[in-house]
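Topology and contacts: notes
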Amino acid sequence: MEQYSVAIDRKWQRRWEDTGLYTFNPDRVDEKYYVLSMFSYPSGSRLHVGHWYNFGLTDSWARIKRMQGYEVFQPMGFDAFGLPAENYAIQTGIHPKESTWANIETMREQLRAMGGMFDWEYEVVTCDPDYYCWTQWLFLALYNAGLAYRAKAPVNWCPDCQTVLANEQVVEGTCERCDSPVIHRSMTQWFLRITDYADRLLEGLDDLDWPERTKEMQRNWIGRSEGAEIRFPVEGEAVFIDVFTTRADTLFGANYLVLAPEHPLVSRITTAEYHARVSAYIDRAARKSELERTSLEREKTGVFTGGYAEHPLSGERIPIWVADYVILSYGTGAVMAVPGHDERDHEFSTKHDLPIPRVVTSVNRDEAPLPFVDDGVLVNSGDFDGMDSASAREAITAELETRGLGKATVSYRLRDWLVSRQRYWGAPIPMIFCPECGEVPVPEADLPVELPDVVDYAPEGRAPLESAPEFVHTRCPECGGDAERDVDTLDTFVDSSWYFLRYPDNHNTDAPFSRAWIDRMLPVDQYVGGVEHAVMHLLYARFINMVLYDLDFVGFPEPFRALTHQGIILGPDGRRMSKSRGNVVSPDDYIADHGSDVFRMYLAFGFNYVEGGAWEDEGIRATARFLDRVRRWVATMAEENTTTDAGIEGEAEAALEYVMHQAIARITADAEVFQFNTCVARMMELTNALYRYAGVVDDGQRNGALLSEATRTLLLLMAPFAPHFAEEMWERIGGTYSIFDQPWPTWDPDKLTLDTVEIAVQVNGKLRATVTVPSGATEEEVEAAARANERVAGHIEDGVRRVIVVPDKLVNFVT
RNA sequence: GCGAAGGUGGCGGAACUGGCAGACGCGCUAGAUUUAGGAUCUAGUGGCCUUGCGCCGUGCGGGUUCGAAUCCCGCCCUUCGCACCA
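Residues numbered from 1 in each chain as written. Chains lettered and ligands numbered in written order. Predicted model: local features only at pLDDT ≥ 70, side-chain atom pairs only at ≥ 80, totals over all residues. Heavy atoms only, no water.

Brief notes about the pairing of strand 31 (residues 766-774)
Pairing analysis gives eight bridges linking strand 30 (residues 756-763) to strand 31, with the strands arranged antiparallel. Counted as the bridge partner of E758 is T772 from strand 31. Where strand 30 hands over to strand 31, the hairpin turn is made up of two residues, of which N764 adopts a positive phi near 55°. (Pairing = 2+ DSSP bridges. Helix = DSSP H or I, 4+ residues; strand = E, 2+ residues; numbered from the N terminus.)

Some remarks on the confidence of the model for chain A
Scored by pLDDT, chain A comes out at a mean of 90, with 97% of its residues at no less than 70. Across the assembled chains, the prediction reports ipTM 0.93 with pTM 0.92. (pLDDT = per-residue confidence, 0-100.)

Some remarks on the protein's contact with RNA strand B
Taken together, the neighbourhood of RNA strand B is formed by 53 residues, with T246, K300, R344, G606 and R629 sitting nearest. The separation between a sugar or linking oxygen of RNA strand B and a polar side-chain atom of R413 is 3.2 Å. R632 has a polar side-chain atom sitting 3.3 Å from a sugar or linking oxygen of RNA strand B. Broken down by element, the residue count for the surface near RNA strand B peaks at seven residues, all from helix 22 (residues 676-696). (Near = heavy atom within 4 Å. Polar contact = N/O pair within 3.5 Å; in protein donor to acceptor, adjacent residues only side chain to side chain.)

A few points about unusual backbone geometry
Between L447 and P448 the backbone carries a cis peptide bond, its omega angle lying at 0°. Locating P448 in the fold gives a position in the loop between strand 22 (438-441) and helix 13 (469-472). Backbone torsion omega between L522 and P523 reads 5°, so that peptide bond is classified as cis. The backbone of Q162 shows a phi angle near 55°, a positive value even though the residue is not glycine. The phi angle at D808 is positive, at roughly 60°, despite the residue not being glycine. The residue D808 is located in the loop between strand 32 (802-806) and strand 33 (810-814) in this model.

Some remarks on the pattern of salt bridges
Two side chains carrying opposite charge are able to pair once their charged atoms lie near each other. Under the defined criterion, the tally for this structure stands at 46 salt bridges. We note a salt bridge from D552 to R515, for which the minimum N-O separation is 3.5 Å. With D552 in the loop between helix 17 (537-550) and strand 27 (563-564) and R515 in helix 16 (residues 515-521), this pair connects stretches of sequence that are 37 residues apart. What makes R515 partly exposed here is its relative accessible area of 35%. Ionic contacts of the salt-bridge type, sharing partners, join the residues K11, R15, E728, E731 and R732 into one network. (Salt bridge = Lys/Arg side-chain N within 4 Å of Asp/Glu carboxyl O. Buried < 20%, exposed > 50% of the residue type's maximum accessible area, 1.4 Å probe, protein only.)

Comments concerning the sheet that holds strand 2 (residues 71-73)
Strand order in the open sheet made by the four strands is 2-1-26-27, with parallel pairing throughout. Each having just a single partner strand, strand 2 and strand 27 make up the two edges of the open sheet. As paired strands, strand 26 (residues 526-528) and strand 27 are joined by two bridges and run parallel to one another. Within the sheet, the bridge partner assigned to Y527 lies in strand 27 and is L563. Its contacts with the sheet place helix 2 (residues 49-67) against strand 1 (32-37), strand 2 and strand 26, and it is angled at close to 175° to strand 1. (Contact = heavy atoms within 4.5 Å. Axes fitted to C-alpha atoms, helices over the stretch in contact; angles between N-to-C directions.)

What to know about the nonpolar core
If you look at the biggest cluster of nonpolar residues, it comprises 183 residues, and the most contacted ones within it are F139, W417, Y499, F500, L501, F543 and L603. Counting residues in each nonpolar core, the second largest holds 44 residues, with V266, I320, Y325 and L354 among its members. (Core = buried A, V, L, I, M, F, W, Y, C linked by side-chain atoms within 4.5 Å.)

Focus on the pairing of strand 33
Across four bridges, the pairing between strand 30 and strand 33 is parallel. Bridged to V763 within strand 33 is F813. Bridging between strand 32 and strand 33 involves five bridges; their strand directions are antiparallel. Bridge assignment links V805 to a residue of strand 33, and that residue is V811. The antiparallel pairing of strand 32 with strand 33 creates a hairpin that spans three residues between the two strands, and D808 there sits at a positive phi of about 60°.

Written as structure tokens, this is what we have:
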């Protein structure tokens, strides 16, 4: 019989396509199961191992759901806007539209070759005007709801990509995409009010079936922190400096204030005498990259402004400083410095010879060395002396509140989402600026605002769309006068923040999707993708979905019910695959050699799905051998039709049946939790059991019905993981097309126990023997059997004080 | 520094609510078979020795328990995330 190979892949791919096997049937929406892999960027290179690991095994999971009777909805699409196509265009002159659509075509073919169960009728491509029309609609929906606003603010600027970035796209002070150091710039940009949703994004996490670490990452990113806002009146000016602190209990230890260099009050507070020094300092701080400002060997620099504020409780005069260890974007951009009880303030005070008073002692009142940052008992704090830190926080905040100089408040680390990008290959922001009417949204009827083809997309610090006058110049929708379009494009994370809503209704031309339909198709039942999107995409998508929920466009607040992250497949050297290291494993070579199912099944077998790990060539050969072992078995079954004696029920038959039912039960359970490696192990065990049976029982004596059932079961269990192979084997044993229309095998709980079980016999917790007893034997029977064992007898001669019996497991004699 | 996850044979990795550690596979050893094979089959494979009814073994040290990879306490190490967050 012919060996499994890519030729068989092709045969079944064609057959599946010809028969429309994977066409989603909307009539069965009540049985729908929405399985989603994070769609990918259509890069010019071939599908890599990571794609296979994500798409291939998610497809296997989906196939199980299909066989379990669900109407599986598993769409595929492309996150097609973005920088690589644009950078490629700058290098080669090939238009992003051209290269992107060419890449999409290649990727579609490769995804077909993978044997994915995708229904391409539901494809989504984010750079298609039919799609980004609705991305723009989404932006306007947020705008109309007051959730999109334009503001001048210090933003992260990547000098290399020549665009601003969202906070989430800055990693350790560098650009997430190109690793260049990010600098701060003040620019007028569009923001989405994700901070309005901070608390709900936090609370919503509790009910999601997501990896705990991912939820934790989102919680940390949102960074909710309870504290107090405290007002310090500025001496000689009718203004206040508000600070945020979580340690209101240390207020009496605050002996100066620090403003971030970008703080709006700096110039007003700085006295003439100090003006030169302060502005020089601010200039220097502005030029520093984010990386420098936050680098580990940072030194606490800062200058005095000459200004003073009044302590809200003690009335003391306290100096105001400017220092770049305070960041504008957190809290109020100003802090009260408490050098005795904060490490940073302590370091700063030491460096600048400022006094360091103590206002908290440890709980047993000893003079713990400063800075003492733990909670303790208050001293030198007027009426609050003797209070513990926790009560003092409340008492001091209450006191401030009565004086109108403070209140309890909550601060977040999360910032509003900056969505403007000074790049070409993205969805234009549908806004118009009119000299008369100001900012005017593009009317919905005029959408999409199409991206013009002809522009100079080499960035020179301004948006490429500026170079297309026919795009820029337009009429004001309100007054009809001359006006200009916004020349920035939307962050591609906006495109991907709602694509899962578009899939089920991707041909809708009247709306992004119809609510009635979308409410039946969503939420996504199982979402699978890389952990690198834990914040960013997954947070943005939740935010957008929640907004649409509030605006009554969808009926569910959370889009992704369950989430799994696949791990990362490393190179054979155990390091991340990269071209420069020369350790890249190319799926194509292996697939040409062994067929796609061998590749897929090795990915299932060789790794813990969530952890990933290093590639091993030996592993894929082992998998190829396994499939061939199954093939040989099927060949034998198909040829030797001599095992007809159906009625034999002996020990060998019981053993085979046991393994078969175990395999069904455990594969069903393990696959459910993405534990694919043990699923394959169980298939191997069943295969081994089949061979063993044939080895033990002579031809002619074999239980043909059982053999046939076990073989069919094996193929059914393998089918999701080796779809082409299983379909082929299924055909050869006379199964009806398609194996994926067969029900998932079920197990008989009665068959999960053997007639007899081996019991471990321990004496004082040490294994001394094993005895075989009928399964379900009573404690007395088990104990008697154990005592009867001669190896045990020697150890318990001196008497037994206690006996523990775990049914069907073990006996422990305590002497 | 803070937070999370994790340390199990030569390797990838198993082990349900505490109950025979090492499933399954790789590799290795011996044998069989074949003209050949990245083939197949059989047996073995955690370590140690004094080869026994033996001892020791899940990062290290304690503890709880009849019994601990699993639970508790204290360390060490690795990975990931955040990082002057006030």
